[in-house]
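# Summary of the model geometry
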Amino acid sequence: MPELLAPPAKNTYHTYGIWLYTEKSREIKSLKKERSPSVHGDKHWDSSYLLMDYFTHNPLKKKSRILDVGCGWGPTSIYLANSGHGVTGLDVDDEVFAFLDVQAELNGVAVKTRQGAMASMKKADLSKYDVIVGGDICFWDELTDEWFAMLKRAASAGVKKLVLADPGRSPFLKLVDKCYERWDCDMHTWYCLEPKRFTGSLLIVNLDKKAD
Ligand SMILES: C[S@@+](CC[C@H](N)C(=O)[O-])C[C@H]1O[C@@H](n2cnc3c(N)ncnc32)[C@H](O)[C@@H]1O
């Protein structure tokens, strides 16, 4: 059984080696009074735990340069930074970053942040990353095309891989079809047990390999 660790602060929980604040914590309650995320960046989404589980079993190369698209409160970014990678959290909503920052501090890790939509990421911006990740960030129809366009720029900028987790919404499934036509892809049904059982989908796209 894993070692029972003393929490670093009240109202926190431990998952995949990192600590996150619960909704009941003083930190989250007071941030919620000051900040109002408006594009669903209002909690930790379960897809982030799928990514943590996937990367626990399939670790990335050491010190990978990672872009976490739609990072929200940063659970995935913090997990990957805690694993020794260089991580930038991108989010269209400026209001989420205070939640990310307070939790990065709780874990003693550094995560860079960048405000902007996927559509704002030019080829030169994307060339700074090896891997793109995202958790539950293909939930509106228009996001399918925004993702696909960014992935085309990312592939030509030399980004090697996408790992995208989702509960299985239809815009995500449309993106899966588009990616399969263009690149070497894998799709997995995945589950995690921390901090609770959750099952969803993982799309892995090898952006450096064309589809057969
Ligand atoms: C459902 S939340 C998921 C947050 C985080 N990935 C997680 O797993 O907890 C979606 C996040 O994507 C951001 N977002 C929505 N549309 C975006 C876009 N076009 N470009 C970048 N971020 C976007 C939202 O502001 C929100 O923080």
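So, a few notes on the structure that sits alongside this text. For clarity, every value in this text was computed on a predicted model and none was experimentally measured.

Each value, and the rule that gives it
- Residues numbered from 1 in each chain as written.
- Predicted model: local features only at pLDDT ≥ 70, side-chain atom pairs only at ≥ 80, totals over all residues.
- Heavy atoms only, no water.
- Helix = DSSP H or I, 4+ residues; strand = E, 2+ residues; numbered from the N terminus.
- Rg over C-alpha atoms; globule rule 2.2 N^0.38 Å.
- Buried < 20%, exposed > 50% of the residue type's maximum accessible area, 1.4 Å probe, protein only.
- Contact = heavy atoms within 4.5 Å.
- Areas by Shrake-Rupley, 256 points an atom, 1.4 Å probe, with all protein chains shown as cover.
- Lys, Arg positive; Asp, Glu negative; His and termini not counted.
- Charge placed at Lys NZ, Arg CZ, Asp CG, Glu CD.
- Near = heavy atom within 4 Å.
- Polar contact = N/O pair within 3.5 Å; in protein donor to acceptor, adjacent residues only side chain to side chain.
- Nonpolar A, V, L, I, M, F, W, Y, C, P; charged D, E, K, R; others polar.
- Axes fitted to C-alpha atoms, helices over the stretch in contact; angles between N-to-C directions.
- Parallel < 35°, antiparallel > 145°, perpendicular 65-115°, else oblique.
- Left-handed = near helix turned anticlockwise from the far one by under 90°.
- Phe/Tyr/Trp six-rings, centres within 6.5 Å; stacked < 30°, edge-to-face > 60°.
- Lys NZ or Arg CZ within 6 Å of the ring centre and 35° of its normal.
- Core = buried A, V, L, I, M, F, W, Y, C linked by side-chain atoms within 4.5 Å.

With that settled, the discussion passes to the overall build of the protein. From N to C terminus, the protein includes seven helices and nine strands. Against the 2.2 N^0.38 benchmark of 17 Å for 212 residues, the protein shows a C-alpha radius of gyration of 16 Å, consistent with a compact globule. Seen along its three principal axes, the alpha-carbon backbone of the protein occupies a region of about 50 × 40 × 30 Å. Each of the 212 residues in the protein was classed as buried or not, and the buried ones make up 50%. Of the contacts formed within the protein by residues at least 6 apart in sequence, a portion of 68% connects residues at least 24 apart. Here the protein displays about 10600 Å² of accessible surface, and carbon together with sulfur accounts for 50% of that area. Across the protein, 29 positive and 29 negative side-chain charges occur, with their mean positions spaced 4 Å apart.

Here we come to the site of the ligand. The environment of the ligand is made up of 24 residues, and the closest members are Trp45, Gly70, Asp91, Met118 and Gly135. Note that a nitrogen atom of the ligand is positioned 3.3 Å from one of the backbone N or O atoms of Val92. For the ligand, a nitrogen atom lies 2.9 Å from a polar atom in the backbone of Gly135. Bound to the protein, the ligand loses 98% of the 590 Å² it would expose on its own. The residue inventory of the shell around the ligand, partitioned by class, reads eleven nonpolar, eight polar and five charged.

Glancing now at the packing of helix α1 (residues 26-34) against helix α4 (residues 97-107). Axis separation between α1 and α4 bottoms out at 10 Å; the angle between their running directions is 160°. As judged from the angle between their axes, α1 and α4 are roughly antiparallel. Remark: the crossing between α1 and α4 carries right-handed chirality. Counted together, Glu27, Ile28, Leu31 and Lys32 of α1 and Ala98, Phe99 and Val102 of α4 form the full contact between these two elements. Looking at side-chain class alone, the contact of α1 with α4 contains five nonpolar, no polar and two charged residues.

Counted by the stated rule, this structure contains five aromatic pairs. Through pairs of rings, three or more aromatic residues link up here, namely Tyr54, Phe55 and Trp190. A cation over a ring is seen here: Lys178 above Phe148, with NZ or CZ 5.0 Å from the ring centre. Directly above the ring of Tyr191 sits Arg197, whose terminal nitrogen or CZ lies 4.4 Å from the centroid.

It is worth spelling out the nonpolar core at this point. Side chains of nonpolar character tend, in soluble globular proteins, to be buried together. Core analysis: the largest hydrophobic core is formed by 41 residues, its most contacted members being Phe55, Leu80, Val163 and Leu202. Leu67, Phe139, Leu162 and Trp183 belong to the second-largest nonpolar core, a separate cluster that totals 30 residues.

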